[in-house]
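Structure assessment
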Amino acid sequence: MASPVSSISSISSMSSSSSSEWYSSSSEEDVIMHNMIMNAAQVFMAAAEGSSQPLTRRAKYNRDQEAGHDKLVADYFADEPVYPAEIFRRRFRMSRQLFLRIAGDMAQSDPFFTLRNDARGQRGFSNLQKCTSAIRQLAYGYAPDALDEYIRMSERTARRCLYKFCQWVVKLYSKRYLRKPNANDVQKLYQAHEQRHGFPGMLGSIDCMHWQWQNCPVAWQGQYTRGDQGHPTIILEAVASQDLWIWHAFFGLPGSLNDLNIIYQSQIFDDVVAGTGPDTSFTVSGVEYRRGYYLADGIYPTYSTIVKTVPHPTDDKRKKFAKFQEGARKDIERAFGVLQKKWHIISIPARSQTPRRLRHIMYACIILHNMIIEDEGRAICDYDENASAGNSVPVSEEQQDLNAFALRNEYTHHNLQADLVEYIWNNAQNEPAHHMEDDD
């Protein structure tokens, strides 16, 4: 039998002989993982050759997975559980019914989330244990081995549960819970925002959020670090409506960029340029506009679909408009706050070393956030699988150029703002509506 050292040596020589071909066809993340594996193999070889002690296998602990499953069921999933529904919702961030629905979908989609025996013939972990481990890591930001004493799960298995859970949440639920609004959704959003904030034609509020990246590779830290942050971050651009539903999410660009750089690379206005999507026309102060708009802060460009505040209002009309615009724009700030409080993993420095895994975690948290809003009956719009999303065929290139020009038309931007100033002054109440409901 070949020794472990000779086996690793053969692997290293095979890898080096085909490295040029492999590097040319692999992504940056694969190259990083490849280098990490090869460095670990070299360190292992050096340690093994310099030691007279025989190599030992990793210790196997008798964790008694069945006892962990039984205790979990008795605490939360029995007919008469130890902890009531309110405690379940606080610790799992959702109702028991929604959690069981997600766990069932996981079991049907991937055999990993079913109860199986391992290679030694011993009992593995149940569906409830694996999903609970993933949810607790997302909700509390736990280290992967923090629940070892309760769920009886090793660090490696818990980390794998988290990544697989997030991947399947994105695969199974993105179509419904990260959808763009259709024609019916647009009208409901218009009605809700005008009633709540006094802004006709408002689709939502747009802004960006940074997520600190603790284990950012050293070679990338300059690209992902901005002066005001002081550490590597990854940026999330999002759009939220008054009910805190997140309609648009764009995550993954380096933290050295600002909001203006992000929106230039975002896909939020691709349907406007391509001429696809639903009809979002509306009328304000007797003037018809073709596209709905988003409320934003001062750094955003003067697009015809973006409404910003008046930076230095001089008269009562503009002061009132600025107060209403800045108050309504807090919807996205509230959404970021609730998202980080509900899923604590995105409020602490990220531990993963690859952006792909961080993207899965972020999008999974956003999808679960929207699922909870729907489950609790707080969503403005209901999902209709058969609803038409509008024209799905892009217009000609010439028309796309015209649409892009109309999108960046500063004249339309200033006219829309002026019409909204008049509308708010004549129709809105004296003070903007305050949010008294429980956001969480």
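Structure: see above.
Residues numbered from 1 in each chain as written. Predicted model: local features only at pLDDT ≥ 70, side-chain atom pairs only at ≥ 80, totals over all residues. Heavy atoms only, no water.

It is worth spelling out the layout of surface pockets at this point. Size it by volume and the second largest pocket reaches roughly 570 Å³. Lining the second largest pocket are 24 residues, with Arg159, Arg160, Tyr163, Ser352 and Arg357 sitting closest to its centre. No other element matches the eight residues that helix 9 (residues 155-177) contributes to the lining of the second largest pocket. Looking at the lining of the second largest pocket, its residues break down into 12 nonpolar, five polar and seven charged. (1 Å grid on protein atoms, 1.4 Å probe; cavity = no way out; pocket = protein on both sides within 12 Å on 5 of 7 lines; lining within 4 Å. Points joined across faces, edges and corners; volume = space filled by probe spheres on them. Helix = DSSP H or I, 4+ residues; strand = E, 2+ residues; numbered from the N terminus. Nonpolar A, V, L, I, M, F, W, Y, C, P; charged D, E, K, R; others polar.)

For His369, the location among the structural elements is in helix 16 (residues 355-375). Note on His369: relative accessible area 1%, which makes it buried. Residues within four places of His369 in sequence aside, it is in contact with Leu244, Ile246, Val338, Leu339 and Trp343. (Buried < 20%, exposed > 50% of the residue type's maximum accessible area, 1.4 Å probe, protein only. Contact = heavy atoms within 4.5 Å.)

Mapped onto the elements, Asn62 comes out in the loop between helix 3 (28-49) and helix 4 (65-77). Residue Asn62 is classed as exposed on the basis of its relative accessible area, which comes to 77%. Remark: the alpha-carbon pair of Asn62 and Arg152, spanning 90 residues in sequence, is separated by 9.2 Å.

Within soluble globular proteins, side chains that are nonpolar generally end up buried alongside one another. One finds Met94, Leu138, Phe165, Leu236, Trp343 and Leu368 to be the most contacted residues of the largest nonpolar core, which totals 75 residues. For this core, the leading source of residues is helix 16, giving 12 residues. Leaving out residues up to four positions away in the same chain, Leu368 has contacts with Met94, Ile102, Ile135, Leu138, Phe165, Val169 and Trp343. Among the nonpolar cores identified, the runner-up in size contains 41 residues, and Tyr190, Phe269, Leu295 and Leu416 belong to it. (Core = buried A, V, L, I, M, F, W, Y, C linked by side-chain atoms within 4.5 Å.)

Here helix 10 (residues 183-197) is 15 residues long and its end C-alpha atoms lie 21 Å apart, about the 21 Å a rise of 1.5 Å per residue gives. Within the span of helix 10, buried status applies to Asp185, Val186, Leu189, Tyr190, Ala192, His193 and His197. One side-chain oxygen at the N-terminal end of helix 10 lies 3.1 Å from the backbone nitrogen of Asn184; it belongs to Asn182. Following helix 10 by one or two positions, Gly198 has its phi on the positive side, about 85 degrees. (Expected span 1.5 Å × (residues − 1). Polar contact = N/O pair within 3.5 Å; in protein donor to acceptor, adjacent residues only side chain to side chain.)

A separate point is helix 18 (residues 410-427). End to end, helix 18 covers 25 Å across 18 residues, agreeing with the expected 26 Å (1.5 Å per residue, within 8%). Residues of helix 18 that are buried include every one of His413, Leu416, Gln417, Asp419, Leu420, Val421, Tyr423 and Ile424, and no others. Residues of helix 18 that are buried in the fold lie against helix 10, strand 4 (282-284), strand 5 (287-289), strand 6 (293-295), strand 7 (306-307) and helix 14 (316-328). If you check the start of helix 18, you find a side-chain oxygen 2.9 Å away from the backbone N of Tyr411, and it comes from Asn409.

Okay, the packing of aromatic side chains next. Any two aromatic rings considered together are summarised by their centre-to-centre distance and by the angle between their planes. All chains considered together, the criterion is met by 25 aromatic pairs. Ring plane angle 25 degrees and centroid distance 5.2 Å describe the contact between Tyr76 and Tyr83, whose orientation is recorded as stacked. Arranged with centres 6.0 Å apart and planes meeting at 65 degrees, the rings of Tyr190 and Phe282 form a pair that is edge-to-face. Remark: Phe282 occurs in strand 4 and Tyr190 occurs in helix 10; sequence separation between them is 92 residues. Given a relative accessible area of 7%, Tyr190 falls into the buried group. Using a relative accessible area of 6% as the deciding quantity, one classes Phe282 as buried. Linked through ring pairs, Tyr76, Phe77, Tyr83, Phe88, Phe92 and Phe99 together constitute an aromatic cluster. One Lys or Arg, Lys130, reaches over the ring of Phe112 and ends 4.3 Å from the middle of that ring. For Lys164, the ring lying beneath its charged end belongs to Phe112, and the centroid distance is 5.5 Å. (Phe/Tyr/Trp six-rings, centres within 6.5 Å; stacked < 30°, edge-to-face > 60°. Lys NZ or Arg CZ within 6 Å of the ring centre and 35° of its normal.)

Take the pattern of salt bridges next. If charged atoms from side chains of opposite charge come close, those side chains can pair. Within the structure shown, the criterion is met by 13 salt bridges. Here Asp75 and Lys71 are joined by a salt bridge, their closest N and O atoms 3.7 Å apart. You can see Asp75 and its partner Lys71 sitting in helix 4, four residues apart, about one turn around the helix. The partly exposed category is assigned to Lys71, whose relative accessible area is 43%. Among the salt bridges present, the one from Glu155 reaches Arg159, with a minimum N-O distance of 2.7 Å. Placement of the pair is Glu155 and Arg159 together in helix 9, with a separation of four residues, close to one helical turn. Using a relative accessible area of 37% as the deciding quantity, one classes Glu155 as partly exposed. A single salt-bridge network, built from bridges that share partners, covers Arg89, Glu376 and Arg378. (Salt bridge = Lys/Arg side-chain N within 4 Å of Asp/Glu carboxyl O.)

By themselves, these figures tell us nothing about what the structure is for.
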